[in-house]
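# Chain and residue survey
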Amino acid sequence: MQNLVTLWSGMPMRHRVIVAGATLLVFLAVLGLTRMAARPTMALLYSGLDPTAAGQVVQALEQRGVPFAVEGDSIRVDAAQRDSLRMTLAAEGLPRTGTAGYELLDGLSGFGTTAQMFDAAYWRAREGELARTILASPAIRAARVHIAQAPTQPFQRDRKASASVTVTPAGGAISADQARALRHLVAAAVPGLLPEDVAVIDSVNGVVPSNDAAVPALAGDARAAELKRNIERLLSARVGPGRALVEVAVDLDTASESVVERRLDPQGRVVISSDTEENSRSATEPSGAVTVASNLPEGDAGAGAQGSSSQSESRERVNYELSETRREVQRAAGGVRRLSVAVLIDGETVTAQDGSRSFQPRAEAELTALRELVASAAGIDESRGDVLTLKSMIFEPLPEALAASDAGFLAQIGPLDIMRLIQIAVLGLVVLVLALFVLRPLLLSAPARREDHAMLGPPAGAAPEGVARTVLTGEIDDGSDPPGPMIAYTPRPQAAPSPGDPDPVDRLRNLIAERQAESLEILRGWMEAEEERTS
């Protein structure tokens with residue numbers, strides 16, 4: 001303690017102010033960081049509520065004495081109490097959203113309620129229930145659902161039901177997968193409504209298109225991952241785990257196609273009906289014509305003769321039907337258009353007769369067998385344009401630093417509180433800066449000045465002990481005051497140098513050359529002392 005007091009008394013006023021300010025700054029920094037560390041971590045409780053619902057939630061939190069913070073339209077509470085508060089408030093029916101559901105039907109009575117009023121309330125209640133279901137997702141901040149039900153008139157059956165969903169995302173934009181889920185949700189809740197008849201509108205980015213091409217893309221990635229996993233498992237049984245790298249690229253057909261084919265075969269006739277009609281007719285008539293018999297001598301030899309005639313007709317009708325083939329094919333998107341597989345296999349270790357070991361690529365026969373196995377596992381079809389490339393090369397060894405970094409310090413200690421680490425780092429940095437750039441120079445400069453003063457003696461013009469020193473003010477003496485005693489300067493007695501001692505000037509010069517920093521501090525201290533005395 002005595003050393004600290006002596007050190008403090010030997011410091012100039014400017015250094016004392018700097019040390020006091022630095023100490024106060026360190027104290028304030030430690031106090032602020034301590035309060036920041038003690039402050040609870042605030043987490044989002046609710047956001048995007050209408051003012052009425054937000055006021056009810058704030059009132060409930062105040063009644064329970066729970067600390068909270070309101071930031072814009074968000075209400076934040078302590079992260080440790082957030083989940084329990086949500087369950088407690090939900091049990092009380094908070095927050096009450098502005099969208100009403102099936103409770104609208106409770107207010108309808110049988111008297112004075114027409115069929116149109118009941119239908120309107122029914123569809124309004126269904127829209128509210130769908131909006132509540134959508135708002136249950138944490139990615140949605142606000143939602144409205146509008147359903148256009150098809151009319152029930154029997155002569156307007158060609159009109160279909162449709163719906164629109166307007167959502168406000170909590171952050172970012174509505175993705176294609178989220179829009180597809182919303183379409184199926186609304187379509188499944190309304191009879192006769194198809195997902196393609198539901199429009200999803202993002203209040204920030206506009207209409208969300210139905211990107212059906214994303215489904216085949218995801219299916220292609222999943223198919224490629226499955227093929228890669230199967231091929232690596234197959235190769236690991238032969239070359240060992242980690243010694244074969246496989247990359248699979250699947251090119252899918254993203255266009256859907258509907259083919260309707262009708263084929264007629266003229267040679268393949270089929271009898272569908274046969275109709276046969278036969279007509280037969282006969283007639284007998286008296287003969288009045290002049291013949292040879294009528295000219296015979298008897299005269300009437302042919303008088304009683306008669307004529308006869310007969311007619312027969314046959315008709316057949318056969319109806320044929322041509323052979324017809326009808327074919328309708330629906331080709332959905334997602335068919336494999338082209339498949340590319342690249343396989344890189346590590347070389348093998350060969351031991352020479354002298355015991356030395358070396359790596360070399362694998363034999364061609366082994367690569368041919370492995371290529372056949374990979375082609376069978378991947379389903380390579382060369383007629384389709386599939387490509388299979390299998391090569392054997394020597395793998396480069398991993399650096400030891402990378403191999404050792406797999407189980408690093410962060411992996412061993414587990415998850416940490418990042419904000420707490422940042423606060424500790426800032427506190428340590430502040431203390432280190434103040435210690436190195438403020439306190440250390442001050443503590444080192446005071447002993448150096450005292451040592452140099454003792455070594456070099458009193459400065460020029462110092463009065464001897466017991467004699468007051470006359471201070472020169474720079475004013476001209478007009479003789480009004482009696483002149484003070486003249487003080488003669490008596491140099492400090494020094495011992496006579498021996499013949500073997502070095503020159504004192506050279507010794508001082510060498511000392512200054514060896515301790516330049518301390519010499520500069522001594523000179524600076526002398527100059528500041530002179531300035532303080534003259535001021």
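Higher on the page you've got the structure.
Now for a look at the structure at hand. (Residues numbered from 1 in each chain as written. Predicted model: local features only at pLDDT ≥ 70, side-chain atom pairs only at ≥ 80, totals over all residues. Heavy atoms only, no water.)

### Concerning the sheet that holds strand β4 (residues 140–148)
Spatially, the four strands line up as an open sheet ordered β4-β5-β6-β7, and their pairing is mixed. Two strands lie at the open edges of the sheet, namely β4 and β7 (206–207), each paired on one side alone. Looking at chain direction, strand β5 (residues 162–169) and strand β6 (residues 198–202) are connected through five bridges and run parallel. Among the inter-strand pairings, V167 is bridged to a residue of β6, identified as D202. (Pairing = 2+ DSSP bridges. Helix = DSSP H or I, 4+ residues; strand = E, 2+ residues; numbered from the N terminus.)

### Topic: the sheet that holds strand β2 (residues 68–71)
Across the sheet, three strands lie side by side as β1-β3-β2; this open sheet has antiparallel pairing. Only two strands of the sheet have a single partner each, and these edge strands are β1 (42–47) and β2. Across the sheet, the axes of successive neighbouring strands diverge by a mean angle of 30 degrees, strand direction being ignored. The sheet contacts of helix α3 (residues 51–64) involve β1, β2 and β3 (74–78), and relative to β3 the element is tilted by about 20 degrees. Contacts between helix α4 (residues 82–91) and the sheet are confined to β1 and β3, with β1 contributing the most and set at about 25 degrees to the helix. (Axes fitted to C-alpha atoms, helices over the stretch in contact; angles between N-to-C directions. Contact = heavy atoms within 4.5 Å.)

### Looking at helix α8 (residues 364–378)
The terminal C-alpha atoms of α8, which comprises 15 residues, lie 21 Å apart, in line with the 21 Å expected from a rise of 1.5 Å per residue. Following α8 by one or two positions, G379 adopts a phi angle in the positive range, close to 70 degrees. (Expected span 1.5 Å × (residues − 1).)

### Focus: the pattern of salt bridges
One pass over the full model with this rule turns up 16 salt bridges. When the shortest N-O distance is used, the salt bridge between R180 and D177 registers 2.9 Å. Note that R180 and D177 are positioned in helix α6 (residues 176–189) at a spacing of three residues, about one turn of the helix. Relative accessible area serves as the criterion here: at 42%, D177 is assigned to the partly exposed category. (Salt bridge = Lys/Arg side-chain N within 4 Å of Asp/Glu carboxyl O. Buried < 20%, exposed > 50% of the residue type's maximum accessible area, 1.4 Å probe, protein only.)

### Details of the packing of helix α5 (residues 115–135) against α6
In the contact formed by α5 and α6, the axes pass within 11 Å of each other and the chain directions differ by 150 degrees. Read as a crossing pair, α5 and α6 show a hand that is right-handed. Of α6, the residues touching α5 (which contributes R126, L130, T133 and I134) are L182, L185, V186 and A189. Taken together, the residues that form the contact of α5 with α6 break down as six nonpolar, one polar and one charged. (Left-handed = near helix turned anticlockwise from the far one by under 90°. Nonpolar A, V, L, I, M, F, W, Y, C, P; charged D, E, K, R; others polar.)

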